[in-house]
Amino acid sequence: MLVSTSPNQSSAPLLDGIFPASCPSRTVLDHVSSKWGVLILVALARGPQRWSELRRRAQGISEKMLAQTLKTLEGDGFIHRDAQPVIPPRVDYSLTSRGSELVALLVPLLEWINVHAEEIVNDQS
């Protein structure tokens, strides 16, 4: 299933929330909307970073989950992994143009969450 926001195509599947199980958008949505996926993408909005910087910024992420998330986001074409042949090894991660485009859409969502999070959490009490 092709998911598009083109003005000439219907956005009914998006508005109705209907995504067939085989729709590739489900896979991408899972990768992008995971807690760690979002945090890593937004962390990279500040520019290229090394493994240790990303781990520090995404407090609470395990080494295994960081490695898995980076590999997934790289496979989806959202981030670039630059391994430099030096001793000790140096690997930098950065956003691709696709990643930058995605982060531009995620930032307003995260800003909204930041403004309303305390109220939402307090209302649950």
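Residues numbered from 1 in each chain as written. Predicted model: local features only at pLDDT ≥ 70, side-chain atom pairs only at ≥ 80, totals over all residues. Heavy atoms only, no water.

K.L.:
Even after reading the chapter, I still don't get the pattern of salt bridges, so can you show me in this structure?
P.N.:
In the structure shown here, the tally under the stated rule is two salt bridges. With its nearest N and O atoms 3.0 Å apart, the salt bridge here joins aspartate 92 to arginine 90. You can call aspartate 92 buried: its relative accessible area is 10%. Taking relative accessible area as the criterion, arginine 90 reaches 30% and is therefore assigned partly exposed. (Salt bridge = Lys/Arg side-chain N within 4 Å of Asp/Glu carboxyl O. Buried < 20%, exposed > 50% of the residue type's maximum accessible area, 1.4 Å probe, protein only.)

K.L.:
Would you explain the sheet that holds strand E2 (residues 79-84) in this entry?
P.N.:
Across a sheet, strands are paired by hydrogen bonds formed along the backbone, either parallel or antiparallel in direction. Read from one edge to the other, the open sheet built from three strands follows the order E1-E3-E2, with strand pairing classed as antiparallel. The strands lining the two open edges of the sheet, one partner per strand, are strand E1 (49-50) and E2. Where E2 meets strand E3 (residues 90-95), six bridges bridge the pair, whose relative direction is antiparallel. The residue of E3 that forms the bridge with arginine 81 is tyrosine 93. (Pairing = 2+ DSSP bridges. Helix = DSSP H or I, 4+ residues; strand = E, 2+ residues; numbered from the N terminus.)

Note that every value here comes from positions in space, so none of it alone points to a role or purpose.
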